[in-house]
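Residues per chain, in single letters:
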Amino acid sequence: MKNRQEILAIHGISKTYSEPVLVDVTLALYSGKVLALTGENGAGKSTLAKIIGGLTSATSGQIIYQGKPYTPNSRKDAEKLGIRMVMQELNLLPTLSVAENLFLEQLPHRFGWIDRKKLNEVAQPVMAMVGLQSIDPNTLVGKLGIGHQQMIEIARNLIGESRVLILDEPTAMLSNREVELLFKQIMLFKARGVSLIYISHRLDELAVIADDIAVLRNGHLVCVDDIKRYNSDQLVSLMVGRDLKSSFNLNQHQVGHPILKVKNFKRGRIIQDTSFTLHSGEILGISGLVGSGRTELLRAIFGADKIDSGTLQVGDPLKTVVIRSPKDAIKHGIALVTEDRKGEGLLLPQSIAANISLGNSDKTSFLSIVSSLDETNLANKYIKNLGIRATNPSQPVKSLSGGNQQKVLISRWLERDCQIILFDEPTRGIDIGAKQDIYQLLNALTAKGKGIVVVSSDLRELMLICDRIAVISDGKLVNTFSRGDWSQ
């Protein structure tokens, strides 16, 4: 740690809500260095980042920034001082264009009107830095997938001068190509002397990009050191406080009869003449770059988006069905666990019990009157079965960690007992312990004869859990590989 310029020092920072979230955390950031911050979901990583980024205040402790006490009252205050944060929760306005979101607080104008030509000119090189040069700057952000929105959020924080840049799970929705572009930008920031905090559960990424490692466990800082001194297994043990195998043993799936057949699906340029078959007891992975049409394909199968042409067959034996809405899909035994659990999947202010019972009202209500006892019993069932870490079923979902939020969302669909389950980025932004819980759950579902489709930006994840992997490029399913026949 010698001969390094200290930019920001954290001394004894603690944060308490209803219970302690951070306890006496002390560490430092140095010029031109990347500090990897990791730990299980709920360990306190995002809370610490939000304190530094001005989004919340510490209960106790002190931060020194460039030799002076640092007490920002807001994110805007922090940004004025050169501290920026790319949050896990996107901070974009969906009804504005890409260019407007990038330069929202510094829109070029002439005679009181936004200078659209100038705005697009300054937006294009910023978009190119993160691989979005093919997107029209005038496109409304709300019309883009969450992967592209993540890149826009990153690009927004690359604009202007920064002394400290915090990246909270920046690659959770990105494919290898987008990750490489991001890493190039990080190296440029390091060369300019910027200090970076990189929060991630992807330990292989940390080994590539980080100089130092800080591990939080249950709000306590258990390690601050040179990252080169640790391998993945050692870091996992520090995170969870026990030995946890970093590998996952895939049980041999008993693949059965076809239960879903997608034939010649078309939807504009997003889905182009796509066909595939899913079998009972099988996990079929779908791989591709951000924007290749993976999410759109799942939404079309689920009836959330209308197709231009194509047919769908479900069941054993297969029968042709018409799905015009998610309600039709559910009726035919198809479930979709969305990639955007916070925007589309969960009612964040509502309780765990209310979220799990959503869509299961036939089991928790009578004559439109909801039984709080039935809701509570249903929630307790899945809190126990899936190991949801919560104080009680009435706890608001927004107060849970990302991994536990995902388990709540999955619980709702498990109670529906659908034969076909579509998972879109099921492990996005969750730690290795929660990931293994979900992998084991997928295995258990296939053992019951369920057919599983998994979209993931993490190719290694697909290679770990899938029986087959289909590759989508520019809306076309270009190839399908079986286990034993693939490589990255």
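Look above for the structure.
These remarks concern the structure in this document.

Some details on the overall build of the protein chain
Scanning the protein chain for helices and strands turns up 17 helices and 24 strands. For the protein chain, the C-alpha radius of gyration of 23 Å lies close to 23 Å, the compact-globule estimate for 488 residues. Within the protein chain, the fraction of its 488 residues that count as buried is 54%. Contacts spanning at least 24 positions in sequence make up 67% of the contacts within the protein chain whose residues lie at least 6 apart.

Quick word on helix 8 (residues 232-240)
For an α-helix, 3.6 residues make a turn, and residues three or four places apart therefore share a direction. Along helix 8, the residues classified as buried are Leu 235, Val 236, Met 239 and Val 240. End-on view of helix 8: buried residues confined to an arc of 120°, all on one side of the axis. A positive phi of about 80° marks Gly 241, the residue just after helix 8.

Regarding the environment of Asn 157
By secondary structure assignment, the location of Asn 157 is in the loop between helix 5 (146-156) and strand 9 (164-168). On a C-alpha basis, the gap between Asn 157 and Val 86 in space is 6.6 Å, while along the polypeptide they are 71 residues apart. When sequence neighbours within four positions are dropped, the list of residues in contact with Asn 157 reads Arg 75, Glu 79, Arg 84, Met 85, Val 86, Ser 162 and Leu 165. A polar contact is formed between the side chain of Asn 157 and the backbone oxygen of Glu 153, at a distance of 2.9 Å.

Structural notes on the sheet that holds strand 4 (residues 60-65)
Here four strands make up an open sheet; going across it, the order is 2-1-4-5 and the pairing antiparallel. Both outer strands of the open sheet, strand 2 (20-30) and strand 5 (68-69), are each paired with one neighbouring strand and no more. As judged from the seven bridges shared by strand 1 (residues 6-16) and strand 2, these two strands associate in the antiparallel manner. Note on strand 2: the bridge partner recorded for Thr 16 is Pro 20. Seen against the sheet, helix 1 (residues 45-52) touches strand 1, strand 2 and strand 4 and runs at an angle of roughly 120° to strand 1.

What about the nonpolar core?
By size, the foremost hydrophobic cluster in this structure holds 65 residues, and its most contacted members are Ile 301, Leu 312, Ile 334, Leu 422 and Phe 423. Element by element, the count of residues in this core is highest for helix 16 (residues 432-447), at six residues. Setting aside its immediate chain neighbours within four residues, Phe 423 contacts Leu 298, Val 337, Ile 410, Leu 442, Leu 445, Ile 452, Val 453, Val 454 and Val 455. If you look at the next biggest cluster of nonpolar residues, it comprises 47 residues, including Val 86, Val 215, Leu 235 and Met 239.

What about empty space enclosed by the protein?
What the rule picks out here adds up to three cavities of 30 Å³ or more. Counted as a void, the largest cavity has a volume near 120 Å³. Contributing to the lining of the largest cavity are 16 residues, with Arg 202, Thr 427, Arg 428, Gly 429 and Lys 435 lying nearest its centre. Per-class residue counts for the lining of the largest cavity are three nonpolar, six polar and seven charged.

A word on the environment of Asn 377
Counting through the fold element by element, Asn 377 comes out in helix 14 (residues 372-385). When the C-alpha atoms of Asn 377 and Ala 353 are compared, they prove to be 8.3 Å apart, with 24 residues separating the residues in sequence.

Regarding the sheet that holds strand 14 (residues 271-279)
One open sheet holds the four strands; their spatial order is 14-13-16-17, and the pairing between them is antiparallel. Since the sheet does not close on itself, it has two edges, and those belong to strand 14 and strand 17 (319-321), each with one partner. Ignoring which end each strand starts from, the neighbouring axes of this sheet average 20° apart. Summarising the sheet, strand 16 (residues 309-314) and strand 17 pair through three bridges and their orientation is antiparallel. Bridge pairing in strand 17 places Gln 313 opposite Thr 320. Against the sheet, helix 9 (residues 294-302) makes contact with strand 13 (258-267), strand 14 and strand 16, and its axis sits at roughly 70° relative to strand 14, the strand it touches most.

Structural notes on the layout of surface pockets
In this structure, the second largest pocket occupies an estimated 1,200 Å³ of space. Taken together, 37 residues form the lining of the second largest pocket, with Val 21, Gly 42, Ser 399, Leu 400 and Ser 401 sitting closest to its centre. With four residues, helix 1 is the largest single contributor of residues to the lining of the second largest pocket.

Quick look at the packing of aromatic side chains
Under the counting rule described, the total for this entry stands at three aromatic pairs. Judged by centre distance (5.5 Å) and plane angle (65°), the ring pair of Tyr 65 and Tyr 70 falls under edge-to-face. This pair shows no difference in class: Tyr 65 is buried, exactly as Tyr 70 is. On the basis of an interplanar angle of 85° and a centroid distance of 6.0 Å, the ring pair of Phe 302 and Trp 413 is categorised as edge-to-face. Of the two residues, Phe 302 is situated in helix 9 and Trp 413 in helix 15 (residues 402-416); the sequence distance between them amounts to 111 residues. Looking at Phe 302, the relative accessible area reads 7%, which means it is buried. The ring of Phe 189 has Arg 192 lying over it, and the distance from NZ or CZ to the ring centre is 4.7 Å.

What about the side chain of Arg 75?
The topology assignment puts Arg 75 in helix 2 (residues 75-80). Not counting chain neighbours up to four residues away, the residues in contact with Arg 75 comprise Gly 53, Gly 54, Leu 55, Met 85, Met 87, Asn 91, Glu 153, Arg 156 and Asn 157.

Focus on the pairing of strand 22 (residues 451-455)
Taking burial as the measure, the five residues of strand 22 include five buried ones, the bulk of the element. Both faces of strand 22 are covered, namely the face carrying Gly 451, Val 453 and Val 455 and the face carrying Ile 452 and Val 454. Relative to strand 22, strand 15 (residues 283-287) runs parallel, the two sharing four bridges. In the strand pairing of strand 22, Ile 283 is matched with Ile 452. As judged from the five bridges shared by strand 21 (residues 420-424) and strand 22, these two strands associate in the parallel manner. Across the sheet, residue Leu 422 finds its bridge partner in strand 22, namely Val 453.

Criteria and thresholds
Residues numbered from 1 in each chain as written. Predicted model: local features only at pLDDT ≥ 70, side-chain atom pairs only at ≥ 80, totals over all residues. Heavy atoms only, no water. Helix = DSSP H or I, 4+ residues; strand = E, 2+ residues; numbered from the N terminus. Rg over C-alpha atoms; globule rule 2.2 N^0.38 Å. Buried < 20%, exposed > 50% of the residue type's maximum accessible area, 1.4 Å probe, protein only. Contact = heavy atoms within 4.5 Å. Arc of directions from axis to C-beta. Polar contact = N/O pair within 3.5 Å; in protein donor to acceptor, adjacent residues only side chain to side chain. Pairing = 2+ DSSP bridges. Axes fitted to C-alpha atoms, helices over the stretch in contact; angles between N-to-C directions. Core = buried A, V, L, I, M, F, W, Y, C linked by side-chain atoms within 4.5 Å. 1 Å grid on protein atoms, 1.4 Å probe; cavity = no way out; pocket = protein on both sides within 12 Å on 5 of 7 lines; lining within 4 Å. Points joined across faces, edges and corners; volume = space filled by probe spheres on them. Nonpolar A, V, L, I, M, F, W, Y, C, P; charged D, E, K, R; others polar. Phe/Tyr/Trp six-rings, centres within 6.5 Å; stacked < 30°, edge-to-face > 60°. Lys NZ or Arg CZ within 6 Å of the ring centre and 35° of its normal.

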